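Below, each chain spelled out in residue letters.
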Protein chains: 2
Amino acid sequence: MRNIKLIVEYDGTRYCGWQIQPGEPTVQAELEKAVEKFLQQKLPVIGAGRTDSGVHALGQVASFRTDKAYPPEIIAKALNRFLPLDIRVLDVADVPLEFNPRFDAIKRRYRYHISLKRHAINRFYSWYCKYPLDLQKMKSASQMIIGEHDFTSFCKASPDVAHYRCIVESITWSEMKDSICMEIVANRFLHNMVRIIVGTLVEVGRGSLTAQDVRDILEKRDRNRAGRTIPARGLFLVDVEYP
Amino acid sequence: MRNIKLIVEYDGTRYCGWQIQPGEPTVQAELEKAVEKFLQQKLPVIGAGRTDSGVHALGQVASFRTDKAYPPEIIAKALNRFLPLDIRVLDVADVPLEFNPRFDAIKRRYRYHISLKRHAINRFYSWYCKYPLDLQKMKSASQMIIGEHDFTSFCKASPDVAHYRCIVESITWSEMKDSICMEIVANRFLHNMVRIIVGTLVEVGRGSLTAQDVRDILEKRDRNRAGRTIPARGLFLVDVEYP
């Protein structure tokens, strides 16, 4: 038996997220279909993180087990042949049988793109913010979020989650012509966490919240105090790190 | 009477090019519809260049005449309200009445994006080339095209064209992760010219033509000798220059 690790890129625009949902197009369902067409076996494909509806990925990690002997390059080629063009397998490698892309991950990196002018090109890959934003204030407020905290205020509550503590290692903002981008690295992310963090920092950039407010919101552990969940289309899962 | 100049960005994916064609979606038709909805007048909108079906623009220039007194910012806002999201008016300005975006243009700049790996993201904004390419050879061969030449070999013949001479001012190649991009500046471009030039340079990059062949093709003035017209989706009209 082998364990096959996949690096997967996808344009999330037309998918109801990663995870299989009956009757809905999802990335996991497309991957399982492609594996089945290729290997003539129905095999579960596990992902490192369940991206939400509309979220993109540059380097999602997934895996499946098989006893077929195809070399990795052939597996990549075959899966890409059976996958739609908005999902691509970028890399295939053999990993130890016990490797689990979700539970073994130690870090995840996401990027959120905000467009400051409404553009035609890349409109599915960024969120247009119509308000002028003070990036310096957003950078300062980001510092409040770095470190180990309870992120109850910055996620959608879920019965599946044992606790809401996450260690945010870094938040980096970069500025391009007409757009800004936030990159965030953490050991784990809760449901909607990046989109609520960015939604709250946008309020800081607009001047309706301060850095101190962000600290207070974090401490209050109350989702209602944070900013709104901004749209999925600006969000990319960039990569996942393993020991 | 005023003459209004527009800078227009569009995602050409779902359009049959710039120019109005009965029964087909075109960028010019959408602009004329938006102007009509806004000003309650049917006015012709002239463009600097007729981009082909599927070609994108970052800075197409267009104009229309009106006697309405709205300030430029209001015109931009109103047109964008009536335009689909894949066409955006980026800038509006008053220009002299005699300004003609097509005949007054002295330079046009295009970019062509080639993806060397098939990606899910940006798949509508680049052409995937499955062959490995030698960029150095492509750069050398590009030198053969710079200058004033008869480009009969590098265009689709057209009865509307008085002559096939163009002055190519520069061709610049840049290299990104998994992709390359050609930028070309010329006083004018013939039908399909950029796509045939890049299609021919790709043959050089693959090793099936040499720089000397490119020179010979140019001198022979025979479309059949050049490479194929590569897909529109990698092509962007970047900007248009006026005196």
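Residues numbered from 1 in each chain as written. Chains lettered and ligands numbered in written order. Predicted model: local features only at pLDDT ≥ 70, side-chain atom pairs only at ≥ 80, totals over all residues. Heavy atoms only, no water.

Time to look at the side chain of Asp150 of chain B. Residues and elements named next belong to chain B. Note that Asp150 resides in strand E7 (residues 147-150). You can call Asp150 buried: its relative accessible area is 12%. Polar side-chain contacts of Asp150 include one of 2.3 Å to the side chain of Thr152. (Helix = DSSP H or I, 4+ residues; strand = E, 2+ residues; numbered from the N terminus. Buried < 20%, exposed > 50% of the residue type's maximum accessible area, 1.4 Å probe, protein only. Polar contact = N/O pair within 3.5 Å; in protein donor to acceptor, adjacent residues only side chain to side chain.)

Before going further, it helps to examine the domain arrangement of chain A. Residues and elements named next belong to chain A. You can read the domains of chain A as domain 1 (2-95) and domain 2 (107-241). A straight line from the C-alpha centre of domain 1 to that of domain 2 covers 27 Å. At the junction of the two partners, domain 1 supplies 15 residues and domain 2 supplies 17 residues. Both faces considered, domain 1 and domain 2 share a buried interface measuring about 1200 Å² in area, 55% of it formed by carbon and sulfur atoms. (Domains from an automatic or database assignment. Contact = heavy atoms within 4.5 Å. Buried area = accessible area lost by both parts, 1.4 Å probe.)

On to the packing of helix H3 (residues 135-142) of chain A against helix H4 (residues 193-206) of chain A. Residues and elements named next belong to chain A. For the pair H3 and H4, interaxial distance at closest approach is 8 Å and the crossing angle is 135°. Classed by the angle they form, the pair H3 and H4 counts as oblique. In this structure, the crossing between H3 and H4 has a hand that is right-handed. Contact with H3, carried on its side by Lys137, Met138, Ala141 and Ser142, involves Leu201, Val202, Val204 and Gly205 of H4 and no other residues of that element. Residue composition of the contact of H3 with H4, by class: five nonpolar, two polar and one charged. (Axes fitted to C-alpha atoms, helices over the stretch in contact; angles between N-to-C directions. Parallel < 35°, antiparallel > 145°, perpendicular 65-115°, else oblique. Left-handed = near helix turned anticlockwise from the far one by under 90°. Nonpolar A, V, L, I, M, F, W, Y, C, P; charged D, E, K, R; others polar.)

In this complex, chain B contributes 19 residues to the contact, which on the side of chain A involves 19 residues. Interface area for chain B against chain A, summed over the two sides, is near 1700 Å², with a carbon-plus-sulfur share of 59%. For chain B, the biggest contributors to the area lost against chain A are Arg118, Ile121 and Arg123 of chain B; these three give 32% of the whole. Taken together, the connections running from chain B to chain A amount to four salt bridges. One can count 12 residue pairs in polar contact (both at pLDDT 80 or more) joining chain B with chain A. Every element with two or more residues in the side of chain B that touches chain A is listed here: strand E1 (2-10), strand E3 (56-66) and strand E4 (87-95) of chain B. Of the residues forming the side of chain B that touches chain A, the biggest block, three residues, is contributed by E4 of chain B. (Salt bridge = Lys/Arg side-chain N within 4 Å of Asp/Glu carboxyl O.)

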